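Observations on chain architecture
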Amino acid sequence: MIAANNLTGDGIQMKTLEELVCSSTLTSGSQQPSIHLAVLNIFLSLTAILGNFLILVALGKESSLHPPSKLLYRNLATTDLLVGLVTHPLSVTYRISSIYKQWNLCRYARSAGYLSSYALCGVSLLTMTTISVDRLLALLLGLRYKRIVTLKRTYIIVAAVWVSSGVAALCYILNKRIVFWFLYIIVPLCLVISIAAYTKIFHTLRYNKARVQQQSRQPNSLNILRYRKAVHSALSVQLALVVCYAPYIIAESVTARRKTLSSHIVVIRGTVVALLYFNSTLNPFLYCWKISEVRKAVKQTIRQSLCSS
């Protein structure tokens, strides 16, 4: 937690961050930005719900994707859907309650929002890391991939991801320092694993490029081309996650080291949190852009909905 021992400049002496953002000490200077962020959260909530619902329906119809890979993408879309259904409304409640000085509701909504965001963001991060490893195994194992990477084993991994992320989120209540250790250790570790996996993938693909060109008329070359598309799709989602998460991690690290906090810092943190949540709205567009099968299924679902209505 953040403790402020001195009162300097525009910094306010507070015991905890919760007291800082859910009290009349600072809200008078951040009411207008809170209204703007609340409206932004409402918009992002609606787009995340609609977009990820369409993706889940499309993935249910899509049969060309390997079932374990499809399960990982469905898990990611489910996580983004829950961000729209749970985390965004809690964030709106927290901001509106701070404007109307409902401090108890503000603290409860903020704590619940942190619990859900830590859990769901943890699931997203671990799922993306699992997808990168899955793509590497598909390249290295070859014909053994479908025998080793089974749907049952993938379900076990997904369950472990949810349990570990839930435990990490509960640590926010027990000991908030553990959450910061999660940011400093688990997040970099996941990024290192993903970077290593994609580096190995592209190095292997480049090494085999000449051989693939020689086999361009053989059926296996189509599998390689399809694999390349799958890797680029997964990498684009991974890069979007990094871009959306990086400002929050930087802001959280800087804020944790400050002795004093101000309304400007609260607004900045609210902005980077909104960018973090924006990832849940961005992902469905990336799926439609990068995965042609999903794009076709989404278009078909929209046409059927319009025709039935």
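If you're wondering where the values come from, they're calculated on a predicted model, not measured in any experiment.

Re the packing of aromatic side chains
Summed over all chains, the structure comprises two aromatic pairs. Judged by centre distance (5.8 Å) and plane angle (85 degrees), the ring pair of Tyr 73 and Tyr 287 falls under edge-to-face. Remark: Tyr 287 occurs in helix H11 (residues 263-290) and Tyr 73 occurs in helix H4 (residues 67-99); sequence separation between them is 214 residues. The same class applies to Tyr 73 and to Tyr 287, which are both buried.

A look at helix H7 (residues 151-174)
Over its 24 residues, H7 extends 35 Å from the first C-alpha to the last, a length consistent with the 34 Å expected when each residue adds 1.5 Å. Restricting attention to buried positions, one finds in H7 the residues Thr 154, Val 158, Val 161, Ser 165, Ala 168, Ala 169, Cys 171 and Tyr 172.

Considering the UniProt feature "transmembrane region" (unreviewed entry) in the protein
Per the UniProt entry, the sites bearing "transmembrane region" (unreviewed entry) are residues 35-59, 117-143, 155-175, 181-201, 230-250 and 270-289 in this numbering. Between the end C-alpha atoms of residues 230-250 there is a gap of 30 Å, over a span that is 100% helix and 0% strand. Secondary structure content for residues 270-289 is 100% helix and 0% strand, and the end C-alpha separation is 29 Å.

Considering empty space enclosed by the protein
Throughout the structure, instances matching the rule amount to four cavities of 30 Å³ or more. Empty space within the largest cavity amounts to approximately 400 Å³. Around the largest cavity sit 26 residues that line it, and Tyr 114, Ser 117, Tyr 248, Val 273 and Tyr 277 are the ones nearest its centre. Contributing elements (two or more residues each) for the lining of the largest cavity: H4, helix H5 (103-141), helix H8 (176-207), helix H10 (219-256) and H11.

A short note on the packing of H5 against H7
At a minimum axis separation of 8 Å, H5 and H7 run at an interaxial angle of 145 degrees. As for the relative orientation of H5 and H7, their crossing is right-handed in sense. Residues Arg 110, Ser 111, Tyr 114, Leu 115, Tyr 118, Ala 119, Leu 120, Gly 122, Val 123, Leu 126, Thr 127 and Thr 130 of H5 lie in contact with H7, whose contacting residues are Ile 157, Val 161, Trp 162, Ser 164, Ser 165, Ala 169, Leu 170, Tyr 172 and Ile 173. Each residue belonging to the contact of H5 with H7 can be placed in one class, and the counts come to 14 nonpolar, six polar and one charged.

Section: the packing of H4 against H7
At a minimum axis separation of 9 Å, H4 and H7 run at an interaxial angle of 25 degrees. It follows from the interaxial angle that H4 and H7 lie roughly parallel. For H4 against H7, the interelement crossing comes out right-handed. On H7, the residues that touch Pro 67, Pro 68, Leu 71, Leu 72, Asn 75, Thr 79 and Leu 82 of H4 are Leu 151, Thr 154, Tyr 155, Val 158 and Trp 162.

How each quantity is defined
Residues numbered from 1 in each chain as written. Predicted model: local features only at pLDDT ≥ 70, side-chain atom pairs only at ≥ 80, totals over all residues. Heavy atoms only, no water. Phe/Tyr/Trp six-rings, centres within 6.5 Å; stacked < 30°, edge-to-face > 60°. Helix = DSSP H or I, 4+ residues; strand = E, 2+ residues; numbered from the N terminus. Buried < 20%, exposed > 50% of the residue type's maximum accessible area, 1.4 Å probe, protein only. Expected span 1.5 Å × (residues − 1). UniProt positions renumbered as here; feature names shortened; annotations may be inferred. 1 Å grid on protein atoms, 1.4 Å probe; cavity = no way out; pocket = protein on both sides within 12 Å on 5 of 7 lines; lining within 4 Å. Points joined across faces, edges and corners; volume = space filled by probe spheres on them. Axes fitted to C-alpha atoms, helices over the stretch in contact; angles between N-to-C directions. Left-handed = near helix turned anticlockwise from the far one by under 90°. Contact = heavy atoms within 4.5 Å. Nonpolar A, V, L, I, M, F, W, Y, C, P; charged D, E, K, R; others polar. Parallel < 35°, antiparallel > 145°, perpendicular 65-115°, else oblique.

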